[in-house]
Amino acid sequence: ASPAELLAVNDIEVIYDGAILAVAGVSLRVERGGIVALLGANGAGKSTTLKAISGLVQADRARVSRGSIRFLGEDTAGVAPNLLARRGIVHVLEGRHVFAHLTIEENLRSGGFLRGPSRQELERELERIYAWFPRLKTKRKTQAGLTSGGEQQMLAIGRALMTRPTLVLLDEPSMGLAPIIVEEIFEIVAQLNEKEGMSFLVAEQNINVALRHADHAYILENGRVVGEGAAQELAAREDIQHFYLGGK
Ligand code: ATP
């Protein structure tokens, strides 16, 4: 592994319930300090790829049946998701999954649980998250289920940050949100990357916003990588723009 390598996914195949082949040979890399986009239509295999990386495939009765995944130089095959989280991989699932009946602050505290920090550390982490997401501070006593979609997405990300991750897997953060909110969220991601060196692997159907904020991107179709390159170059390619904006 080169010193720049953070995550290396090598030719993985993922099978659900022993039958459905959702990912059929995906390879990708995330360098330290990178923002990488995983693009593709519904059902292309983006979520499954992220779940393979975070270990959550096991919870979906799926398994990585071929290939390897290396994080920080170590093979992650068979490592449980909570242990991977301790090593620095956190997964923000598609659809946010915040605890609707808990307040924003209670949700954030639940994210610190994995690390088992001291009370003082936990308070410091909370303040750090509030500094990144001032909207969450304003609404910290509000039940999460009563906040807007954008606030819930920020909460899902903020809760994940409580584990102090090295790599954040973000699944479809733009889903169902107004463009201006999507922009706000991606802007915070870019700042987290720049100021804290956090790396991101972001699955998105919204290719334009993703390419604007990523440095590298992979395009998935039917469980396979059909294109990859520097985000700026992909953004300039007409075939890609055409395919995603015209065809779907
Ligand atoms: P989406 O944006 O809808 O999540 P995606 O690109 O993330 O799309 P996946 O969710 O990874 O795609 O789905 C890839 C394939 O795996 C699809 O054919 C899907 O039907 C199948 N699949 C996903 N989850 C399951 C599951 N829990 N059980 C069986 N098949 C599944």
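The preceding data block contains the structure.
Quick caveat, the model's predicted, so the values are computed rather than measured.

Caption draft 1: Focus on the overall build of the protein. Each helix and strand counted, the protein has 10 helices and 10 strands in total. Summarising its shape, the C-alpha atoms of the protein cover approximately 45 × 40 × 35 Å along the three principal directions. Put simply, the protein has 248 residues, and 51% of those count as buried. Across the protein, every contact between residues at least 6 apart in sequence was considered, and the portion connecting residues at least 24 apart equals 71%.

Caption draft 2: Molecular detail of the packing of helix 6 (residues 149–161) against helix 7 (residues 179–196). Contact pair helix 6 / helix 7: the axes reach a minimum separation of 10 Å and the direction vectors enclose 15°. Comparing the axis directions of helix 6 and helix 7 gives the class roughly parallel. Like other packed secondary-structure pairs, helix 6 and helix 7 cross with a definite hand, here right-handed. Residues G150, Q153, M154, I157 and L161 of helix 6 form the contact with helix 7, whose own contacting residues are I181, E184, I185 and L192.

Caption draft 3: Summary view of the pattern of salt bridges. Scanning the model with the defined rule gives 19 salt bridges in all. When salt bridges with common partners are traced through the structure, they connect E5, R29, E31 and R70 into a single cluster.

Caption draft 4: Focus on unusual backbone geometry. Positive phi is not limited to glycine here, since R61 has a value of about 55°. Here R61 shows up in the loop between helix 1 (46–54) and strand 4 (62–71). Phi angles above zero are rare outside glycine, and R96 is one such case at about 65°. Overall, the relative accessible area of 11% leaves R96 in the buried class.

Caption draft 5: Structural context of helix 4 (residues 119–132). With 14 residues, helix 4 should reach 20 Å at 1.5 Å per residue; the first-to-last C-alpha distance of 20 Å fits that figure. Listed in full, the buried residues belonging to helix 4 are L122, E125, L126, R128, I129, Y130 and W132. In this fold, the buried residues of helix 4 make contact with helix 3 (104–112), helix 5 (134–138), helix 6 and helix 7.

Rules used throughout
- Residues numbered from 1 in each chain as written.
- Predicted model: local features only at pLDDT ≥ 70, side-chain atom pairs only at ≥ 80, totals over all residues.
- Heavy atoms only, no water.
- Helix = DSSP H or I, 4+ residues; strand = E, 2+ residues; numbered from the N terminus.
- Buried < 20%, exposed > 50% of the residue type's maximum accessible area, 1.4 Å probe, protein only.
- Contact = heavy atoms within 4.5 Å.
- Axes fitted to C-alpha atoms, helices over the stretch in contact; angles between N-to-C directions.
- Parallel < 35°, antiparallel > 145°, perpendicular 65-115°, else oblique.
- Left-handed = near helix turned anticlockwise from the far one by under 90°.
- Salt bridge = Lys/Arg side-chain N within 4 Å of Asp/Glu carboxyl O.
- Expected span 1.5 Å × (residues − 1).

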